[in-house]
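Per-entry structural report
If you want the building blocks of each chain, they are given just below.
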Amino acid sequence: MPYAHEQTETWNTTAEQIDDIPILIAHMRRMGLPQALDRHIPTRAYWGNLSVGWTAAVWLTHLLSCSDHKPAHVQQWVETHIAALRWCIGSEITHADVGIDRLHDVLIGLSQDDRWQAIETDLNRRMLRAWPWTSRQVNLRLYEGRSWFVEPSGAFQIARVHPWRARTLRQSIVLATIRASNLPFVTWSFPEDHVPPVLFARILERISQDLPSQRLRFIGDSLFAPGLRGAVHMRNDEYLCPLPDTHPDSLNPLTAHFATHTPACAAGRNGNPHHLTADDSIEWYAPVSVEIDGATVAWNERRIAVRSPVQAHRLEEALRTRLVRAEAALLALVERKRGKRRPRSLEALREAAHAILDSYQVHGLLRLDFAEQVQERLVRRYRGRPTGMRVERDVGLNVSTDADALAQAIRRLGWQTFVSNIAPHDLSADRILAIAAPVSGFERLNGRPLSLAPHEVHTPELETGLVRLLALGLRTLALLETIARDQLIKEEVLSASDSERAASRTTGERLLDAFRDIMLTPGINQRLGAITPLSPLQQRVLHLVALSPDIYRMPG
């Protein structure tokens with residue numbers, strides 16, 4: 001009987017770094033995001049394993065994940081996380097399920113206004129049922145066109161306004177967020193760079209539909225146009241809007257105030273730059289009249305100029321730093337050094353000095369004393385040159401600080417003018433700065449991988465769909481951090497007044513960043529293997545965001 005060798009069967013397994021994938025997918029499932037998209041956007045017959053909603057969820061998971069060494073494209077990312085995605089979603093998935101044709105179908109479905117409004121309504125109602133908030137303050141942020149574009153690498157870029165750039169997204173967006181939690185509520189996109197009052201009235205109506213019936217307070221710089229403020233006032237709602245520093249309605253009253261008042265500089269308030277005195281705010285009223293849909297809306301608008309001591313202190317330090325640097329640069333003009341060229345005439349020295357004042361923005365704060373020394377020297381005859389007199393000019397410069405001009409400039413720092421229709425007893429001047437503090441929006445997605453090349457976003461409907469997909473990602477991050485902050489308040493780790501100040505420490509990005517180096521080792525014959533045990537910090541984060549640790553445990 002011949003001896004038979006027993007063949008050994010071998011398997012090759014590759015560990016996958018799953019990090020924050022389970023928490024993102026579980027959170028979006030809890031939000032009802034893929035379910036809402038599936039209800040309102042039909043899945044094509046030729047699609048494979050994933051529906052429209054789950055395709056968008058996988059795309060957003062790749063976009064929002066804070067994992068290190070993440071591939072730049074979602075298809076590559078899916079190929080390296082096949083087992084993890086199959087386990088989290090409960091469905092087979094391949095790189096073809098997130099191909100460019102599928103991504104385009106998702107964007108086209110989101111670009112249709114009626115479907116997008118229905119999706120937002122579903123998400124808002126589900127959110128308010130699960131996490132009810134009582135805030136009636138709504139922040140309105142206007143993003144003008146020509147500030148969105150896709151880099152050749154596929155990264156999303158914002159807040160870089162250019163007159164022309166290839167593949168710039170020509171969409172202007174109004175983003176409405178619930179003020180207390182910074183939660184995106186309504187996203188409205190349109191092709192113009194300004195918001196007509198009629199369109200703005202529709203936006204306000206859209207916002208009020210999903211919120212409980214109450215008088216709303218709208219805050220934001222998108223209300224700068226009087227017609228938009230008239231649309232709010234016509235609805236019997238409240239508004240608070242900052243005016244640009246160059247607006248005449250903010251400059252003229254402040255000029256008169258500076259002529260009769262000399263408030264203490266920010267650094268001189270007993271060493272406390274946070275203290276707000278009576279001289280740090282002025283108020284006046286101005287009549288405003290606008291016409292909306294043939295009807296005239298007239299009211300007396302309250303205008304408040306408030307000085308932020310903290311901002312004034314920072315600006316004062318920056319101004320003094322610029323003065324020191326400008327003085328050093330001016331003195332360097334006339335410094336004698338080997339190989340250094342110096343101005344040879346007063347005109348050249350004045351031109352160079354004023355260029356330095358312009359670059360450091362310190363005109364009128366430094367005194368410049370120009371001096372010129374003229375000396376005649378006898379030059380002897382040499383070859384064909386006759387004997388003669390040579391006139392040599394040496395220019396100098398003395399620089400000193402104008403103390404009076406500097407003190408006056410410091411008094412003007414930190415002022416911001418607001419317009420509002422809120423009565424003084426409902427909104428005092430010392431509360432305006434805290435209420436009108438800017439909130440984060442699409443900027444927090446800057447640099448995220450879109451998995452799209454610039455030429456692949458080539459139609460207005462794809463641009464609109466991409467903006468709305470990013471709004472869903474922004475909603476996902478904001479809701480995650482809001483749940484965590486609410487839990488910290490319940491545990492009395494934070495107070496309600498500290499919630500906004502703690503927003504910078506309890507962000508969705510920092511919560512996701514805690515889930516690092518979590519590995520999934522696949523088992524034999526497509527069975528799941530083992531997952532790296534969670535650390536105490538990761539278990540704490542899951543408790544704060546109200547998700548079970550079971551999302552990181554293999555099924556028994």
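Residues numbered from 1 in each chain as written. Predicted model: local features only at pLDDT ≥ 70, side-chain atom pairs only at ≥ 80, totals over all residues. Heavy atoms only, no water.

1. A closer look at the overall build of the chain
- Within the chain, the regular secondary structure consists of 17 helices and 16 strands.
- For the chain, the residues scored as buried account for 48% of the 556 residues in total.
- A separation threshold of at least 6 residues defines the contact pool for the chain, and within that pool the share at least 24 residues apart is 70%.
- With the model as given, the accessible surface of the chain reaches about 28100 Å², and the carbon-plus-sulfur share is 51%. (Helix = DSSP H or I, 4+ residues; strand = E, 2+ residues; numbered from the N terminus. Buried < 20%, exposed > 50% of the residue type's maximum accessible area, 1.4 Å probe, protein only. Contact = heavy atoms within 4.5 Å. Areas by Shrake-Rupley, 256 points an atom, 1.4 Å probe, with all protein chains shown as cover.)

2. Remarks on the packing of aromatic side chains
- What the rule picks out here adds up to two aromatic pairs.
- Between Tyr143 and Phe442, the ring centres sit 5.3 Å apart and the planes meet at 80 degrees, which makes this aromatic pair edge-to-face. Taken together, the residues Tyr143 in strand 2 (residues 137-143) and Phe442 in the loop between helix 14 (429-435) and helix 15 (460-490) connect sequence positions 299 residues apart. Residues Tyr143 and Phe442 agree in their burial class; the two are buried.
- Its end group placed over the ring of Phe370, Arg350 keeps NZ or CZ at 5.1 Å from the ring centre. (Phe/Tyr/Trp six-rings, centres within 6.5 Å; stacked < 30°, edge-to-face > 60°. Lys NZ or Arg CZ within 6 Å of the ring centre and 35° of its normal.)

3. A closer look at helix 15
- A rise of 1.5 Å per residue sets the reference length of helix 15, with its 31 residues, at 45 Å; its end C-alpha atoms lie 45 Å apart and thus fit the reference within 8%.
- Of all 31 residues making up helix 15, 26 are buried, and the element is well covered by its neighbours.
- Glu492, located one to two residues past helix 15, shows a positive phi value of around 60 degrees. (Expected span 1.5 Å × (residues − 1).)

4. Quick notes on the pairing of strand 11 (residues 295-307)
- Of the strand pairs in this sheet, strand 10 (residues 281-292) and strand 11 are connected by twelve bridges, and their pairing is antiparallel. Bridging across to strand 11, Glu291 finds its partner in Thr296.
- Where strand 10 folds back onto strand 11 in an antiparallel hairpin, the turn is made up of two residues, including Asp293, whose phi is positive at roughly 55 degrees.
- Here six bridges tie strand 11 to strand 14 (residues 415-420), and the two strands are oriented antiparallel to one another. Residue pairing in the sheet places Val306 in a bridge with Gln416 of strand 14. (Pairing = 2+ DSSP bridges.)

5. Brief notes about the confidence of the model for the chain
- For the chain, mean pLDDT is 81; residues scoring 70 or higher make up 85% of the total.
- When the criterion is pLDDT under 50, residues 7-12 qualifies, and its contacts beyond four places in sequence or with other chains add up to two contacts.
- Between residues 263-276, whose pLDDT stays under 50, and residues either more than four places distant or in other chains, the model counts 31 contacts. (pLDDT = per-residue confidence, 0-100.)

6. Focus on unusual backbone geometry
- Phi is positive for Asp19, close to 50 degrees, though the residue is something other than glycine.
- By secondary structure assignment, the location of Asp19 is in the loop between strand 1 (16-17) and helix 1 (21-31).
- In this structure, Ser451 takes a positive phi of about 60 degrees despite not being glycine.
- Structurally, Ser451 is set in the loop between helix 14 and helix 15.

7. What to know about the environment of Arg217
- With respect to the element layout, Arg217 can be found in strand 8 (residues 217-219).
- In this structure, the C-alpha to C-alpha distance between Arg217 and Tyr239, residues 22 residues apart in sequence, is 5.4 Å.
- There is a polar contact of 2.9 Å between the side chain of Arg217 and the side chain of Glu238. (Polar contact = N/O pair within 3.5 Å; in protein donor to acceptor, adjacent residues only side chain to side chain.)

8. Description of the side chain of Thr121
- Structurally, Thr121 is set in helix 7 (residues 113-130).
- Using a relative accessible area of 11% as the deciding quantity, one classes Thr121 as buried.
- There is a polar contact of 3.4 Å between the side chain of Thr121 and the side chain of Arg206.
- What Thr121 contacts, discounting residues up to four positions off in sequence, is Arg206 and Asp210.

9. Description of the pattern of salt bridges
- In the structure shown here, the tally under the stated rule is 23 salt bridges.
- With its nearest N and O atoms 3.4 Å apart, the salt bridge here joins Asp122 to Arg39. On the criterion of sequence distance, the pair formed by Asp122 in helix 7 and Arg39 in helix 2 (residues 33-40) is long-range, its members being 83 residues apart.
- A cluster of three or more residues bridged by salt bridges with shared partners is formed by Arg136, Arg215, Arg217 and Glu238. (Salt bridge = Lys/Arg side-chain N within 4 Å of Asp/Glu carboxyl O.)

10. Section: the packing of helix 11 (residues 309-333) against helix 12 (residues 346-360)
- At a closest axis distance of 10 Å, the pairing of helix 11 and helix 12 adopts a crossing angle of 160 degrees. Of the possible angle classes, the one that applies to helix 11 and helix 12 is roughly antiparallel. Seen along the crossing, helix 11 lies across helix 12 with a hand that is right-handed. Judged by residue contacts, Arg322, Arg325, Ala326, Ala329, Leu330 and Leu333 of helix 11 engage Leu349, Ala352, Ala353, Ile356, Leu357 and Tyr360 from helix 12.
- For the contact of helix 11 with helix 12, the per-class residue count stands at ten nonpolar, no polar and two charged. (Axes fitted to C-alpha atoms, helices over the stretch in contact; angles between N-to-C directions. Parallel < 35°, antiparallel > 145°, perpendicular 65-115°, else oblique. Left-handed = near helix turned anticlockwise from the far one by under 90°. Nonpolar A, V, L, I, M, F, W, Y, C, P; charged D, E, K, R; others polar.)

11. Digging into the environment of Asn49
- Tracing the chain through its elements places Asn49 in the loop between helix 2 and helix 3 (52-64).
- Distance in space between the C-alpha atoms of Asn49 and Ala96 is 9.5 Å, their sequence separation being 47 residues.
- Those residues in contact with Asn49 that sit more than four places away from it in its chain are Ser91, Glu92, Ile93, Thr94 and Asp97.
- A polar atom in the side chain of Asn49 sits 3.2 Å from the side chain of Asp97.

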